[in-house]
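# An overview of the molecular structure
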Amino acid sequence: MVQIMDGAAFQRMVIHAHASLNAQKQTINDLNVFPVPDGDTGTNMTLTIGAAAAEMKKNRYATVGQAAQGAASALLRGARGNSGVILSLLFRGFSKAIKEKETIDGRDFAIALDFGVAAAYKAVMKPTEGTILTVSRLAAARAAGYAREDNCIEAVLEAAIQEGTAALADTVNQNPVLKKAGVVDAGGKGFLVILQGMLDELRGIAAPEIGEPAQEKADFQAASAEEITFAFDTVFIVRKAREDVDLEPFRAYLGSIGDSLVIGEDDAAFKVHVHTNTPGDALNEAQKYGTLELAKIENMRTQAEDLAAGRHVPSTDDLEAVEAELEKAPAAPAKAAPEKKFGYVAVCAGPGLEAVFQDLGVDGLVGGGQTMNPSTEDILREIDATPAEIVYVLPNNKNIIMAAQQCIPLCTDKRVVVLPTKTVPQGISAMLAVDPEAEEADNTQAMTEAFGRVRTCEVTYAARDSDFGGFAIRQGDYLALEEHQLFGTDPSLDDLLERLAQAQNQQGAEFISIFYGEDVTQEQAQRAEQIFAEACPGAEINLLSGGQPVYYYMISAE
């Protein structure tokens, strides 16, 4: 059995763990019992540890302590959703325990696991049993006990997994919601998959393959210019408009205008490789399915001719050097110097909501929300670009608050204040209360009191069949949440809106704002406005196009 771990072994273990988690990502997502469409635990944990795996592939570390610190730093910046943040905290504590170690044995590994658990528990304000915290704590405790009997790192890790597996099975009994659904905790499951992947690497078991587009760069030597039917080697990445977007029509379209087609995807984005004579058409069509993030187009005919003639083959890789020659002005600094006292960064999705925040004075916008949890690094980038001494961050989603809070220690040249807004309407109310001339404490208090007065309803769809909170829910039904609690479901959207309008929060409101989403027509939105106007005659009703995905309506009452 393997007795100790060095830095190179740790790097391989992290990479293997990412591959293992990626292979079981959807299985973990399916453990989510709440029926709303969301970012999903499996997806968030996979993206989070994927940041560490990328770091491990990129660098070589002399010691296990340095490798662990590199992984922890990448995890912190790549953390998405609460599950991703907790995972990053587990690795952060782990790395602190072994930062001076060249190699570690079983006892060191057990101590590091315990440090990780302590860091995670310390960061969670109200730890809940029957979660990843429970599974990691019991696994670490067993590792510590076993290390006193056998100091072999492979044996200690195996003992931790065995105890964690038993703890995971018991989560169904610790959480009433899990018990009713008959499933175990998704975060705990993801944590054990990571540990198992690390153990498999120690034992020489091959990691699952992670699918990649097969051919990103044309093989110009394989064919002459005359043999190339479709001239342009085209590769691009698109962030999905919504997680469940159906790419089959797009696949069929690309097949009609090119060949060598490969589409790889995850829940957040898809990547396309295609040979075509009309790359512009491919890119235009792609934007029906999301937002274009990156594109690379190369002419294979001219490159084949250059290669045959012995000339340098130009490619998009040359663009950086060309731009460096042409661009005389210095590059914009990554961090904006303070030009004012207060700045603001908000998380939201949808052009209408973005416009509202911009009109209210928000400096930086981070795309994201339900199903699209941004990473800590995504948020930090906007904080750095905000030219202010004090930067307020409005996460506007309860699953993004922890990722935003991780920015506080990372930003050393500005003060970061994270207001725990859980919905977009709360963030809007907070911005309406801003006083740029006030002291920080007064401004924070005013914004906090303002978003605290907002009651939010959200209307989406049931992502899965479920028996939840006394509701028998069918996939595809309209589903309403009131303050994040399940309000009800209905196959009729109008009937559900009428019930919402009659609810206590709306009946007692002076102001009601209705933000309608990208899948709602103007006629449907006006019908919703009419329903609330008739049911709430004492309230001022405002109808605005939010353009948000996932939610048909976001409704705020004050």
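Below is a short write-up of the structure. (Residues numbered from 1 in each chain as written. Predicted model: local features only at pLDDT ≥ 70, side-chain atom pairs only at ≥ 80, totals over all residues. Heavy atoms only, no water.)

As a further point, take the packing of aromatic side chains. Considering all chains together, one arrives at 7 aromatic pairs under this definition. Where Phe236 meets Phe250, the ring centres are 6.4 Å apart and the plane angle is 55 degrees; that geometry is what we call tilted. Residue Phe236 is found in strand β3 (residues 232-240), and its partner Phe250 is found in helix α11 (residues 248-257); the two are separated by 14 residues along the sequence. For Phe250, a relative accessible area of 0% translates into the label buried. Here the aromatic residues Phe10, Phe94 and Phe109 are joined through ring pairs into a cluster of three or more. (Phe/Tyr/Trp six-rings, centres within 6.5 Å; stacked < 30°, edge-to-face > 60°. Helix = DSSP H or I, 4+ residues; strand = E, 2+ residues; numbered from the N terminus. Buried < 20%, exposed > 50% of the residue type's maximum accessible area, 1.4 Å probe, protein only.)

Moving on, we come to the pattern of salt bridges. According to the stated counting rule, one finds 18 salt bridges in the structure shown. The residue Glu201 makes a salt bridge to Arg12 at a minimum N-O spacing of 3.4 Å. Here Arg12 lies in helix α1 (residues 7-23) and Glu201 lies in helix α10 (residues 186-202), a separation of 189 residues in the sequence. Judged by its relative accessible area of 22%, Glu201 falls in the partly exposed class. (Salt bridge = Lys/Arg side-chain N within 4 Å of Asp/Glu carboxyl O.)

Right, let's get into the sheet that holds strand β7 (residues 340-348). In spatial order, the strands read β8-β7-β9-β10; together these 4 strands make up an open sheet with parallel pairing. Where the open sheet ends on each side, the last strands, each with one partner, are β8 (364-367) and β10 (415-418). Adjacent strand axes in the sheet meet at a mean angle of 20 degrees when their direction is disregarded. By the bridge criterion, 4 bridges tie β7 to β8 in an arrangement that is parallel. When the bridges of β8 are listed, Val347 appears paired with Val366. In the packing of helix α15 (residues 351-359) onto the sheet, the strands contacted are β7, β8 and β9 (388-394), and the crossing angle to β7 comes to about 170 degrees. Running over the sheet, helix α16 (residues 376-385) touches β7, β8, β9 and β10 and is turned about 165 degrees from β8. (Pairing = 2+ DSSP bridges. Axes fitted to C-alpha atoms, helices over the stretch in contact; angles between N-to-C directions. Contact = heavy atoms within 4.5 Å.)

Following both chains from N to C, one finds helix α7 (residues 132-147) and helix α8 (residues 153-174) inclined at 145 degrees, their axes separated by 7 Å at the closest point. With respect to the hand of their crossing, α7 and α8 are arranged in right-handed fashion. Judged by residue contacts, Thr134, Val135, Leu138, Ala139, Arg142, Ala143, Tyr146 and Ala147 of α7 engage Ala155, Val156, Ala159, Ala160, Glu163, Gly164, Ala167, Leu168, Thr171 and Gln174 from α8. Residue composition of the contact of α7 with α8, grouped by class: 12 nonpolar, 4 polar and 2 charged. (Left-handed = near helix turned anticlockwise from the far one by under 90°. Nonpolar A, V, L, I, M, F, W, Y, C, P; charged D, E, K, R; others polar.)

Bringing the sheet that holds strand β18 (residues 553-557) into the picture now. The 6 strands lie next to each other as β15-β14-β11-β18-β16-β17, forming an open sheet whose pairing is mixed. Every interior strand has two partners, whereas the edge strands, β15 (485-490) and β17 (540-545), have only one. This sheet shows a mean twist of 15 degrees between the axes of neighbouring strands, independent of strand direction. Examined bridge by bridge, strand β16 (residues 511-516) and β18 share 5 bridges and lie antiparallel to one another. Its bridge partner being in β18, Ile514 is matched across the sheet by Ile555. Along the sheet face, helix α19 (residues 424-432) touches β11 (455-461), β16 and β18 and points at about 45 degrees away from the line of β18.

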